[in-house]
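These are the residues of each chain, in order.
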Amino acid sequence: MIRRAWAGVSAVLAGLANWRFFKPAVFIACAVPLLVVAYELCQVLLWNQPDALGADPAKALLHETGRDALALLFITLTITPLRRLFRVNRLQIVRRMLGVWSFTYAVVHVSMYLVFDQLCYSWETCQIGDIGKDLVKRPFIIAGMVAFTGLTLLAITSTGGWVRRLKKNWQRLHRLAYVAAVAAIVHFVWIQKSDFSEPLKWSYWLAVLFGLRIYFTIQKRTATRRTAVSS
Amino acid sequence: MLIKIKTLADIPSSEITPEHVYRSRRDFMKVAAAGTVGAVTAAILGDTACAQAPTGLAALSAKPNASFGVDEKTDPLNTYEQITTYNNYYEFGTRKPQPAQNAHTLKVKPWTVKVDGLVEKPGDYGIEDLVNFNQLEERVYRHRCVEAWSMVMPFIGVPLSSVLSKVGPRASAKFVEFTTVYRPAEMPLWPYAGIELPYLEGLRMDEAMHPLTLMVVGLYGKVLPNQNGAPLRVHVPWKYGFKSGKSIVRIRFTDKEPLNTWQATRADEYGFYANVNPNVSHPRWSQAREQRLPSLLKNRPTLMFNGYADQVASLYAGMDLAKFY
């Protein structure tokens, strides 16, 4: 029963990954939330619908883009375990793109903080001193910036050139994705006043991802030991 | 020369259309006129407009009290929609739109308020026993949340001092504590609140008796909606919003400083006084600027005591406000 379900999932994933338009379809899916954000910004700023996102559109947009970035980061991190568990190697072709999309949403998220909270829509109004204070004194901003810095490094080094240049270190560097994921959850927890149910759900997902990584490492070690013994 | 001064007393208060109601009617007309499907749209919109100027909630007549008003040019009123769909009332969900969706389950009739502690006339009171509905005032107050957003709201109520005087606080009473209703059966989302319930708040007696402190029963010419703290709530405009307890079921007079819920939850972030103060930042964010909703930008300098310093600064003369935050 379980084996059949497993094979079914495997077949579905393989069918999806081998579909001619798999990569463009994922690209479009990743772009949709950004279009939604653009549409909402137009509603509030251009089309005179100040309440379209509720009384606090800035908070709504910040939460939305933050959530998008976090979700895409987690989907990116889930690709490798899925590929290994269900042996669908072609899933790998969308991993980089998903990661770069996560970074894109993080850029929009940080830009919104800079413009809405710190008034950086012009040099004169930008509260550079307050940004500095936030970065030094507010733990949740620090955690957010750790996540963002991590994602920035990963996005910069995501190209083929960097993979070649860094060789083995590339993989090591790209484990930073996990650091970014932890920092993003901490950032989420620290902005909550009392209800932690939502960041908690993300940490469950992260725990599963870590669990799978440990499982794969153990599996790989036993496999290498076996080959060492037999040869 | 004869100078004829029209006094409010010449016109029954029910005849006066407050400016904001008038304006919202005009806005409604504009919206209706702009409707592309003409009359049909207008008919449908008619219903929505009524929902916006709430259906089901009875009208309350109140005299506008201009001496407690704000300058409408610098502090324009927020809309009824904004004030009633963006609420912190954790018993009905921790996200801002949730109380508007969920608070209808709270039964606000009948309602009794238990008065006890250091008071001459303890007992269970009905709302009419505490609030004189013939003396209702409308006051436009700034409302500044500790989360650094603010709104301007036309409340209807009576000075809290008039309520407290009715029950006769003893001279030994130094503080008054307010308990918010807590009925799990009517509050399906209470387990997510993440704070100890029932919600407790308190004021020093001189703060509670201050003429600015209001016992609120209405909003925008109508009975208070549940999500805004029906049937009666406190409003203390120079303090962060969490000091203004909603749906009060108990008023207790005491000689000890009450431990308010947010202080009990995180004492490093929320104190007993919680006076609006741009110079004392919350550990997680600055309080120097605020976002006047629905603006996107946090570009408004926060005023000391939320702009009520002239009236209330003397209450705190000699106190270190960074220590008593």
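All figures in this text were calculated on a predicted structure; none of them were measured in a lab.

Which parts of the structure should I look at to understand the overall build of chain B?
In terms of regular secondary structure, chain B is built from 9 helices and 13 strands. Looking at chain B as a whole, 40% of its 325 residues are labelled buried. Sequence-distant contacts, at least 24 apart, represent 71% of the contacts inside chain B between residues at least 6 apart.

Got a minute to help me understand the interface of chain B and chain A in this structure?
Put simply, an interface is often sized by how much accessible area is lost when its parts join up. Taken residue by residue, the interface counts 24 residues in chain B and 19 residues in chain A. Considering each element in turn, the side of chain B that touches chain A owes the most residues, 3 residues, to helix 3 (residues 80-85) of chain B. Considering only residue class, the side of chain B that touches chain A consists of 12 nonpolar, 8 polar and 4 charged.

Explanation requested: the pairing of strand 2 (residues 112-117) of chain B in the structure shown.
Along any regular strand, the residues point their side chains to alternate faces of the sheet. Residues and elements named next belong to chain B. Sheet analysis places strand 2 next to strand 3 (residues 123-126), joined by 4 bridges and oriented antiparallel. Paired with Lys114 across the two strands is Asp124, which belongs to strand 3. Hairpin connection from strand 2 to strand 3: 5 residues lie between these consecutive antiparallel strands. Of the strand pairs in this sheet, strand 2 and strand 11 (residues 248-254) are connected by 4 bridges, and their pairing is parallel. Within strand 11, the residue paired with Lys114 across the bridge is Arg250.

What is the right way to read helix 3 (residues 57-86) of chain A from this model?
Side chains that are three or four residues apart share a direction in an α-helix, a result of its 3.6 residues per turn. Here helix 3 of chain A is 30 residues long and its end C-alpha atoms lie 42 Å apart, about the 44 Å a rise of 1.5 Å per residue gives. The largest bend in helix 3 of chain A comes to about 30 degrees, at A:Ile79, with the proline A:Pro81 one to four residues further on.

What's the story with the confidence of the model for chain A in this structure? I'm lost.
Detailed conclusions should not be drawn from predicted coordinates in areas where pLDDT is low. Residues at a pLDDT of 70 or more form 99% of chain A, whose mean pLDDT is 92. Mean pLDDT values over the elements of chain A span from 87, in helix 10 (residues 197-230) of chain A, up to 96, in helix 4 (residues 95-117) of chain A.

Explain helix 4 of chain A to me, please; I cannot follow it from the model alone.
Look at helix 4 of chain A: 33 Å from first C-alpha to last across 23 residues, which is about the 33 Å you get at 1.5 Å a residue. Directly after helix 4 of chain A, the chain includes A:Leu119, whose backbone phi takes a positive value near 55 degrees.

Just checking my understanding: could you explain the nonpolar core for this structure?
Among soluble globular proteins, nonpolar side chains are generally buried collectively. Among the nonpolar cores identified, the biggest contains 57 residues, and B:Met215 and B:Val216 are the most heavily contacted of them. Among the secondary structure elements, those contributing two or more residues to this core are helix 3, strand 2, strand 4 (137-144), strand 5 (149-159), helix 6 (160-167), strand 6 (175-180), strand 8 (214-219) and strand 11 of chain B. When residues in this core are grouped by element, the largest group, 7 residues, is from strand 5 of chain B. Apart from the residues lying within four places of it in its own chain, the contact partners of B:Val216 are B:Phe155, B:Ile156, B:Gly157, B:Leu224, B:Gly229, B:Leu232, B:Arg233 and B:His235. In terms of nonpolar packing, the next biggest core, distinct from the first, is built from 36 residues, A:Ala17, A:Cys30, A:Val108 and A:Val110 among them.

It is not clear to me how the pairing of strand 12 (residues 289-292) of chain B should be interpreted in this structure. Could you clarify?
Residues and elements named next belong to chain B. Where strand 5 meets strand 12, 2 bridges bridge the pair, whose relative direction is parallel. Each residue of the ladder has a partner; that of Ser150, found in strand 12, is Arg292. Bridge count between strand 12 and strand 13 (residues 300-301): 2 bridges; the pairing is antiparallel. Paired with Arg289 across the strands is Pro301, a residue of strand 13.

About the criteria used
- Residues numbered from 1 in each chain as written.
- Chains lettered and ligands numbered in written order.
- Predicted model: local features only at pLDDT ≥ 70, side-chain atom pairs only at ≥ 80, totals over all residues.
- Helix = DSSP H or I, 4+ residues; strand = E, 2+ residues; numbered from the N terminus.
- Buried ≥ 20, exposed ≤ 12 C-beta atoms within 10 Å, placed from the backbone.
- Contact = placed C-beta atoms within 7 Å.
- Nonpolar A, V, L, I, M, F, W, Y, C, P; charged D, E, K, R; others polar.
- Pairing = 2+ DSSP bridges.
- Expected span 1.5 Å × (residues − 1).
- Bend = angle between axes of the 7 residues up to and from the residue.
- pLDDT = per-residue confidence, 0-100.
- Core = buried A, V, L, I, M, F, W, Y, C linked by C-beta atoms within 7 Å.

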